[in-house]
Amino acid sequence: TATATGNSIDLHVSPLGRVEGDLDVRVKIEDGVVTDAWTEATMFRGFEIILKGKDPQAGLIVTPRICGICGGSHLYKSVYALDTAWATEVPHNATLIRNIAQACETLQSIPRYFYAIFAIDFVNKNYAKAKGYDEAVRRFAPFVGTSYEQGVTLSNKPVEVYALFGGQWPHSSFMIPGGVMCGPTLSDITRSTAILEYWK
């Protein structure tokens, strides 16, 4: 809904689609400039309640299961919180592995979000008269669009790399306070590089 008063518009979008869980957004616009904004996440998953009273390390097992797409991000932040709280020293190589895993998760998440959740809106029949609609359908139609198929298929490659270090994806728990539970070999690094070279 939008409410206009003079040069001011109060825009309220509820729910804002295409995010995991419901999100309400309210934006105040004055003379065409956003002057204030509020968001409210209205979906409560209850993981905070599950973790209450548990061993702090339980977060390493529970939080990666919050999401089937970005569980590694929750794991990374959980282990980072423990490292900070306990003042653990993380070896440089462990930090590199954690960062590689996080980069891989980002590399798989963005195309999956864009092609499988966002771009498919372009092919909605409400836009059939818009310029470029036929091209949007050709590229972004679910399962058959040329860009859709390639984007979703290639998004699996970073997951393969993540699984080499994390043992599995999603829901890995290989990051622990003070490091990681893997010791990559030269073969693992070479294989990871070969997997990502597939993109070229």
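In short, a report on the structure. Keep in mind that what you see is a predicted model, and the values were worked out from it rather than measured.

1. Digging into the pairing of strand 2 (residues 8-13)
Bridging between strand 1 (residues 2-5) and strand 2 involves four bridges; their strand directions are antiparallel. Considered in strand 2, the bridge of T3 is made with D10. Linking strand 1 to strand 2, which pair antiparallel, is a turn of two residues; within it G6 sits at a positive phi near 60°. Bridging between strand 2 and strand 3 (residues 23-30) involves six bridges; their strand directions are antiparallel. Its bridge partner lying in strand 3, H12 is registered against R26.

2. Overview of the pattern of salt bridges
When the charged atoms of two side chains lie near each other, side chains of opposite charge can form a pair. Tallying each qualifying case throughout the model produces five salt bridges. The closest approach of N and O atoms between D83 and R98, which form a salt bridge, is 2.7 Å. Of this pair, D83 sits in helix 3 (residues 71-86) while R98 sits in helix 4 (residues 92-118), and the two are 15 residues apart along the sequence. For the pair shown, D83 and R98 are each scored as buried. Across the salt bridge formed by E135 and R138, the nearest N and O atoms sit 2.6 Å from each other. One end of the pair is E135 and the other is R138, both in helix 5 (residues 133-140) and three residues apart, which spans about a single turn.

Rules of the game
Residues numbered from 1 in each chain as written. Predicted model: local features only at pLDDT ≥ 70, side-chain atom pairs only at ≥ 80, totals over all residues. Heavy atoms only, no water. Pairing = 2+ DSSP bridges. Helix = DSSP H or I, 4+ residues; strand = E, 2+ residues; numbered from the N terminus. Salt bridge = Lys/Arg side-chain N within 4 Å of Asp/Glu carboxyl O. Buried < 20%, exposed > 50% of the residue type's maximum accessible area, 1.4 Å probe, protein only.

Keep in mind that these numbers describe shape and distance, not what the molecule does.
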